[in-house]
Amino acid sequence: MTLIFFVIVAAIALVGAFFMITARNLMHAVLWMVLNFASVAILYITLSAPFVAMVQVAVYAGAIMVLFLFVVMLLGERQLTFQEHLAGQRVWAGALSVLLLALLAGALLFGVYAAPAANAVSVEQMGAQNPQLVGSLLYTDYLLPFEITSVLLLIAMVGAVVLAKRRLL
Amino acid sequence: MPDAGMPAPIQAYAILSALLFCMGVLGVLVRRNIIIVFMSIELMLNAGNLLFVAFARYQQNLSGQVVVFFVMTVAAAEVAIGLALVMALFRTKRTTDVDDVSMLRG
(Lines give C-alpha, C1' and ligand atoms only; values in the text may rest on other atoms or scores of the structure.)
Protein backbone atom coordinates (compact mmCIF):
# COMPACT_ATOMS: atom_id res chain seq x y z
CA MET A 1 0.00 0.00 0.00
CA THR A 2 2.69 2.47 1.02
CA LEU A 3 4.74 1.29 -1.93
CA ILE A 4 1.90 2.18 -4.32
CA PHE A 5 1.68 5.59 -2.68
CA PHE A 6 5.42 6.07 -3.13
CA VAL A 7 5.24 5.10 -6.81
CA ILE A 8 2.40 7.55 -7.48
CA VAL A 9 4.12 10.47 -5.76
CA ALA A 10 7.44 9.63 -7.42
CA ALA A 11 5.72 9.54 -10.81
CA ILE A 12 4.22 12.98 -10.18
CA ALA A 13 7.65 14.32 -9.23
CA LEU A 14 9.21 12.89 -12.39
CA VAL A 15 6.40 14.23 -14.59
CA GLY A 16 6.87 17.68 -13.05
CA ALA A 17 10.61 17.57 -13.68
CA PHE A 18 10.20 16.34 -17.26
CA PHE A 19 7.69 18.97 -18.28
CA MET A 20 9.78 21.63 -16.56
CA ILE A 21 12.82 20.95 -18.74
CA THR A 22 10.75 20.61 -21.91
CA ALA A 23 8.38 23.56 -21.37
CA ARG A 24 8.28 26.24 -24.06
CA ASN A 25 6.44 28.67 -21.83
CA LEU A 26 8.47 29.87 -18.86
CA MET A 27 5.43 30.36 -16.67
CA HIS A 28 4.45 26.74 -17.24
CA ALA A 29 8.00 25.64 -16.41
CA VAL A 30 7.85 27.42 -13.06
CA LEU A 31 4.49 25.84 -12.24
CA TRP A 32 5.73 22.34 -13.17
CA MET A 33 8.68 22.94 -10.88
CA VAL A 34 6.32 23.82 -8.02
CA LEU A 35 4.52 20.52 -8.64
CA ASN A 36 7.83 18.69 -8.42
CA PHE A 37 8.80 20.44 -5.19
CA ALA A 38 5.42 19.75 -3.62
CA SER A 39 5.56 16.04 -4.42
CA VAL A 40 9.09 15.81 -3.03
CA ALA A 41 7.77 17.47 0.14
CA ILE A 42 5.18 14.68 0.39
CA LEU A 43 8.01 12.16 0.11
CA TYR A 44 9.80 13.94 2.96
CA ILE A 45 6.74 13.47 5.16
CA THR A 46 6.69 9.74 4.42
CA LEU A 47 10.38 9.66 5.40
CA SER A 48 9.49 11.06 8.85
CA ALA A 49 11.04 14.44 8.14
CA PRO A 50 8.08 16.80 8.69
CA PHE A 51 10.30 19.79 9.47
CA VAL A 52 12.22 19.46 6.22
CA ALA A 53 8.94 18.99 4.35
CA MET A 54 7.60 22.19 5.86
CA VAL A 55 10.76 24.09 4.96
CA GLN A 56 10.61 22.62 1.47
CA VAL A 57 7.10 23.98 0.93
CA ALA A 58 7.80 27.36 2.52
CA VAL A 59 11.27 28.04 1.13
CA TYR A 60 11.45 26.12 -2.14
CA ALA A 61 7.89 26.02 -3.42
CA GLY A 62 7.14 29.31 -1.69
CA ALA A 63 10.00 31.77 -1.65
CA ILE A 64 12.31 30.49 -4.38
CA MET A 65 9.67 29.77 -7.00
CA VAL A 66 7.90 33.05 -6.24
CA LEU A 67 11.23 34.76 -6.90
CA PHE A 68 11.39 32.98 -10.27
CA LEU A 69 7.82 34.04 -11.01
CA PHE A 70 8.69 37.63 -10.10
CA VAL A 71 11.56 37.68 -12.56
CA VAL A 72 9.51 36.04 -15.32
CA MET A 73 6.69 38.54 -14.83
CA LEU A 74 8.99 41.54 -14.43
CA LEU A 75 10.96 40.89 -17.60
CA GLY A 76 7.88 39.80 -19.52
CA GLU A 77 7.27 36.20 -20.48
CA ARG A 78 7.04 37.05 -24.18
CA GLN A 79 10.50 38.59 -24.21
CA LEU A 80 12.10 35.70 -22.41
CA THR A 81 11.10 32.93 -24.81
CA PHE A 82 13.06 32.48 -28.00
CA GLN A 83 13.88 29.83 -30.55
CA GLU A 84 16.66 27.65 -29.18
CA HIS A 85 18.97 26.32 -31.83
CA LEU A 86 21.15 23.38 -30.96
CA ALA A 87 22.95 21.36 -33.58
CA GLY A 88 23.76 17.77 -32.68
CA GLN A 89 24.02 18.69 -29.03
CA ARG A 90 20.63 17.34 -28.07
CA VAL A 91 21.50 13.75 -29.03
CA TRP A 92 24.80 13.87 -27.19
CA ALA A 93 23.19 15.40 -24.14
CA GLY A 94 20.55 12.69 -24.03
CA ALA A 95 23.09 9.90 -24.47
CA LEU A 96 25.37 11.29 -21.77
CA SER A 97 22.49 11.79 -19.34
CA VAL A 98 21.37 8.19 -19.82
CA LEU A 99 24.95 7.04 -19.27
CA LEU A 100 25.17 9.08 -16.09
CA LEU A 101 21.85 7.65 -14.94
CA ALA A 102 23.07 4.12 -15.59
CA LEU A 103 26.25 4.75 -13.59
CA LEU A 104 24.38 6.33 -10.69
CA ALA A 105 21.73 3.62 -10.66
CA GLY A 106 24.37 0.90 -10.78
CA ALA A 107 26.28 2.41 -7.89
CA LEU A 108 23.13 2.96 -5.83
CA LEU A 109 21.59 -0.45 -6.53
CA PHE A 110 24.67 -2.60 -6.05
CA GLY A 111 26.35 -0.55 -3.35
CA VAL A 112 26.59 -1.91 0.19
CA TYR A 113 24.33 -0.09 2.60
CA ALA A 114 25.55 0.15 6.19
CA ALA A 115 23.14 -0.68 8.98
CA PRO A 116 22.10 2.08 11.42
CA ALA A 117 24.62 2.93 14.09
CA ALA A 118 24.10 1.90 17.70
CA ASN A 119 23.16 5.40 18.83
CA ALA A 120 20.42 5.74 16.20
CA VAL A 121 17.30 7.74 16.97
CA SER A 122 14.11 5.69 16.98
CA VAL A 123 11.78 6.24 14.05
CA GLU A 124 8.88 7.33 16.28
CA GLN A 125 11.10 9.96 17.86
CA MET A 126 12.33 11.10 14.44
CA GLY A 127 8.80 11.83 13.33
CA ALA A 128 7.16 13.07 16.50
CA GLN A 129 9.94 15.25 17.92
CA ASN A 130 11.45 16.21 14.59
CA PRO A 131 11.75 20.00 15.00
CA GLN A 132 13.17 19.72 18.52
CA LEU A 133 15.76 17.15 17.49
CA VAL A 134 16.82 19.00 14.35
CA GLY A 135 16.97 22.27 16.27
CA SER A 136 19.11 20.84 19.06
CA LEU A 137 21.46 19.30 16.50
CA LEU A 138 21.73 22.69 14.76
CA TYR A 139 22.69 24.41 17.99
CA THR A 140 25.14 21.77 19.24
CA ASP A 141 26.97 19.71 16.62
CA TYR A 142 26.38 22.10 13.73
CA LEU A 143 26.68 25.43 15.53
CA LEU A 144 29.59 26.80 13.48
CA PRO A 145 28.10 25.97 10.03
CA PHE A 146 24.82 27.43 11.25
CA GLU A 147 26.47 30.73 12.15
CA ILE A 148 28.41 30.80 8.89
CA THR A 149 25.08 30.37 7.09
CA SER A 150 23.84 33.63 8.56
CA VAL A 151 26.91 35.44 7.19
CA LEU A 152 26.30 33.79 3.81
CA LEU A 153 22.72 35.03 3.76
CA LEU A 154 23.85 38.54 4.63
CA ILE A 155 26.38 38.47 1.78
CA ALA A 156 23.70 37.19 -0.60
CA MET A 157 21.32 39.94 0.46
CA VAL A 158 23.90 42.71 -0.04
CA GLY A 159 24.98 41.18 -3.35
CA ALA A 160 21.42 40.96 -4.65
CA VAL A 161 20.76 44.60 -3.73
CA VAL A 162 23.97 45.75 -5.42
CA LEU A 163 23.33 43.70 -8.56
CA ALA A 164 19.70 44.74 -8.88
CA LYS A 165 20.48 48.45 -8.62
CA ARG A 166 19.76 50.39 -11.78
CA ARG A 167 23.19 51.80 -12.61
CA LEU A 168 25.60 48.93 -12.53
CA LEU A 169 27.24 47.86 -15.75
CA MET B 1 16.43 -4.39 5.95
CA PRO B 2 17.09 -3.16 9.48
CA ASP B 3 13.91 -1.11 9.52
CA ALA B 4 10.69 -2.60 8.22
CA GLY B 5 8.70 0.61 8.64
CA MET B 6 10.22 2.40 5.69
CA PRO B 7 7.51 3.21 3.12
CA ALA B 8 9.62 2.00 0.20
CA PRO B 9 13.04 0.34 0.03
CA ILE B 10 15.98 2.74 0.21
CA GLN B 11 16.97 1.68 -3.30
CA ALA B 12 13.68 3.05 -4.66
CA TYR B 13 14.43 6.47 -3.19
CA ALA B 14 17.97 6.28 -4.51
CA ILE B 15 16.77 5.51 -8.03
CA LEU B 16 14.17 8.29 -7.90
CA SER B 17 16.85 10.70 -6.77
CA ALA B 18 19.17 9.59 -9.58
CA LEU B 19 16.37 10.07 -12.12
CA LEU B 20 15.61 13.57 -10.88
CA PHE B 21 19.30 14.45 -10.90
CA CYS B 22 19.75 13.23 -14.48
CA MET B 23 16.72 15.24 -15.57
CA GLY B 24 18.41 18.28 -14.09
CA VAL B 25 21.61 17.49 -15.98
CA LEU B 26 19.62 17.03 -19.18
CA GLY B 27 17.88 20.35 -18.63
CA VAL B 28 21.20 22.16 -18.22
CA LEU B 29 22.59 20.50 -21.34
CA VAL B 30 19.71 20.90 -23.79
CA ARG B 31 18.17 24.23 -22.84
CA ARG B 32 19.54 27.65 -23.73
CA ASN B 33 17.14 29.73 -21.69
CA ILE B 34 19.05 30.86 -18.62
CA ILE B 35 16.00 30.65 -16.34
CA ILE B 36 15.30 27.03 -17.32
CA VAL B 37 18.98 26.20 -16.82
CA PHE B 38 18.78 27.78 -13.40
CA MET B 39 15.70 25.79 -12.45
CA SER B 40 17.42 22.61 -13.62
CA ILE B 41 20.23 23.34 -11.17
CA GLU B 42 17.59 23.67 -8.45
CA LEU B 43 16.23 20.30 -9.54
CA MET B 44 19.66 18.71 -9.07
CA LEU B 45 20.00 20.22 -5.59
CA ASN B 46 16.55 18.91 -4.79
CA ALA B 47 17.51 15.40 -5.92
CA GLY B 48 20.51 15.53 -3.60
CA ASN B 49 18.27 16.66 -0.75
CA LEU B 50 15.90 13.77 -1.33
CA LEU B 51 18.77 11.31 -1.09
CA PHE B 52 19.99 12.96 2.13
CA VAL B 53 16.56 12.67 3.77
CA ALA B 54 16.09 9.09 2.57
CA PHE B 55 19.41 8.07 4.06
CA ALA B 56 18.70 9.98 7.26
CA ARG B 57 15.58 7.85 7.63
CA TYR B 58 17.40 4.66 6.68
CA GLN B 59 20.30 5.26 9.05
CA GLN B 60 17.98 6.78 11.66
CA ASN B 61 20.37 9.68 12.00
CA LEU B 62 19.07 13.24 11.90
CA SER B 63 22.30 14.76 10.60
CA GLY B 64 21.05 14.17 7.06
CA GLN B 65 18.09 16.44 7.68
CA VAL B 66 20.36 19.13 9.10
CA VAL B 67 22.50 18.98 5.96
CA VAL B 68 19.35 19.42 3.85
CA PHE B 69 18.60 22.51 5.89
CA PHE B 70 22.01 23.94 4.96
CA VAL B 71 21.60 23.01 1.31
CA MET B 72 18.28 24.84 1.21
CA THR B 73 19.87 27.94 2.74
CA VAL B 74 22.65 27.94 0.18
CA ALA B 75 20.12 27.37 -2.61
CA ALA B 76 18.09 30.36 -1.44
CA ALA B 77 21.17 32.57 -1.42
CA GLU B 78 22.19 31.26 -4.84
CA VAL B 79 18.76 31.97 -6.31
CA ALA B 80 18.74 35.52 -4.96
CA ILE B 81 22.14 36.27 -6.50
CA GLY B 82 21.45 34.36 -9.70
CA LEU B 83 18.17 36.07 -10.44
CA ALA B 84 19.75 39.45 -9.72
CA LEU B 85 22.40 38.52 -12.30
CA VAL B 86 19.68 37.52 -14.78
CA MET B 87 18.03 40.91 -14.26
CA ALA B 88 21.33 42.75 -14.77
CA LEU B 89 22.05 40.67 -17.86
CA PHE B 90 18.63 41.35 -19.34
CA ARG B 91 18.97 45.08 -18.71
CA THR B 92 22.35 45.35 -20.42
CA LYS B 93 22.05 42.84 -23.27
CA ARG B 94 18.28 42.31 -23.64
CA THR B 95 18.71 38.54 -23.76
CA THR B 96 18.31 35.42 -21.64
CA ASP B 97 20.06 33.13 -24.10
CA VAL B 98 23.21 31.68 -22.55
CA ASP B 99 24.81 31.46 -26.01
CA ASP B 100 24.65 35.26 -26.31
CA VAL B 101 26.76 35.66 -23.18
CA SER B 102 30.06 34.19 -24.34
CA MET B 103 32.13 37.37 -24.19
CA LEU B 104 34.67 35.78 -21.85
CA ARG B 105 35.47 33.02 -24.34
CA GLY B 106 39.02 33.44 -25.62
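Sequence order as written defines residue numbering, which begins from 1 separately in each chain. Lettering for chains starts from A, numbering for ligands starts from 1, and both go in the order in which the items are written. Per-residue local features of the predicted model are confined to residues with pLDDT of at least 70, and side-chain atom pairs are confined, for both listing and counting, to 80 or more; whole-chain, interface and lining totals are unaffected and use all residues.

1. Quick word on the overall build of chain B
Stated precisely, the cut-off is as follows: Each helix is a run of DSSP H or I of at least 4 residues and each strand a run of E of at least 2, with the numbering of both proceeding from the N terminus. Atoms considered for the radius of gyration are the C-alpha atoms alone. The globule rule reads 2.2 Å times the number of residues to the power 0.38. Exposed residues have 12 or fewer other C-beta atoms within 10 Å of their own C-beta, buried residues have 20 or more, and residues in between are partly exposed; the C-beta atoms are placed from the backbone. Residues are treated as contacting if the C-beta atoms built from their backbones sit within 7 Å of each other.
In terms of regular secondary structure, chain B is built from three helices and zero strands. Element order for chain B, N to C, with α for helix and β for strand: α-α-α. Taking 13 Å as the expected radius of gyration for a compact globule of 106 residues, we find that chain B reaches 18 Å, considerably beyond that expectation. Its C-alpha atoms put chain B at 55 × 25 × 25 Å along the principal axes. Counting all 106 residues of chain B, 53% fall into the buried class. For chain B, the share of sequence-separated contacts (at least 6 apart) that also reach a separation of at least 24 residues comes to 49%.

2. Things to note about the nonpolar core
The condition is simple: Only buried Ala, Val, Leu, Ile, Met, Phe, Trp, Tyr and Cys residues enter a nonpolar core, and they are joined through C-beta atoms within 7 Å.
If you look at the biggest cluster of nonpolar residues, it comprises 73 residues, and the most contacted ones within it are Ile-35, Leu-50 and Val-53 of chain B. Contributing elements (two or more residues each) for this core: α1 (2–22), α2 (26–46), α3 (50–75) and α8 (143–164) of chain A together with α1 (10–30), α2 (34–59) and α3 (63–93) of chain B. The contacts of Leu-50 of chain B, once residues within four sequence positions are left out, are Val-40 and Leu-43 of chain A together with Tyr-13, Leu-16, Ser-17 and Leu-20 of chain B.

3. What about α1 of chain B?
Worth spelling out the cut-off: By this rule the span expected of a helix is its residue count minus one, scaled by 1.5 Å.
Taking 1.5 Å of rise per residue, the 21 residues of α1 of chain B would be expected to cover 30 Å, and the 30 Å separating its terminal C-alpha atoms lies within 8% of that figure. Among the 21 residues of α1 of chain B, 15 are classified as buried, and the element is accordingly described as predominantly covered.

4. Comments concerning the confidence of the model for chain B
Residue and element names in this part refer to chain B. As a reminder of what qualifies: pLDDT runs from 0 to 100 and stands for how confident the predictor is about each residue.
When the pLDDT values of chain B are averaged, the result is 87; 94% of them are 70 or greater. Within chain B, α3 has the poorest average pLDDT of any element, 90, and α2 the best, 93. Among the prediction metrics, the complex's ipTM stands at 0.89, with pTM recorded as 0.89.

5. Description of the interface of chain A and chain B
We apply this condition: When residues are sorted by character, Ala, Val, Leu, Ile, Met, Phe, Trp, Tyr, Cys and Pro go into the nonpolar class, Asp, Glu, Lys and Arg into the charged class, and all the rest, Gly among them, into the polar class.
Each partner contributes residues to the interface: chain A has 73 residues there, and chain B has 66 residues. Elements that contribute at least two residues to the side of chain A that touches chain B include exactly α1, α2, α3, α5 (89–110), α6 (123–128), α7 (130–139) and α8 of chain A. Classifying every residue of the side of chain A that touches chain B by side-chain character gives 63 nonpolar, eight polar and two charged.

6. Regarding the environment of Trp-32 of chain A
All names here are of chain A. In this fold, Trp-32 is placed in helix α2. Counting along the chain gives twelve residues from Trp-32 to Met-20, while the straight-line C-alpha distance between them is 5.3 Å. Dropping the residues within four chain positions of it, Trp-32 is found in contact with Gly-16, Phe-19, Met-20 and Ala-23.

7. Remarks on unusual backbone geometry
Peptide bonds are mostly trans, and most non-glycine residues show a negative phi. Even without a glycine there, the phi angle at Ser-48 of chain A is positive, about 45°. As for its position among the elements, Ser-48 of chain A is in the loop between α2 and α3. The residue Arg-94 of chain B is not glycine, and still its phi comes out positive at about 55°. One can find Arg-94 of chain B in the segment after α3. A residue is classified by how many C-beta atoms lie within 10 Å of it, and Arg-94 of chain B, with 10 of them, is exposed.

8. Things to note about the environment of Val-53 of chain B
Relative to the helices and strands, Val-53 of chain B resides in helix α2. For the pair Val-53 of chain B and Asp-97 of chain B, spaced 44 residues apart in sequence, the C-alpha separation works out to 35 Å.

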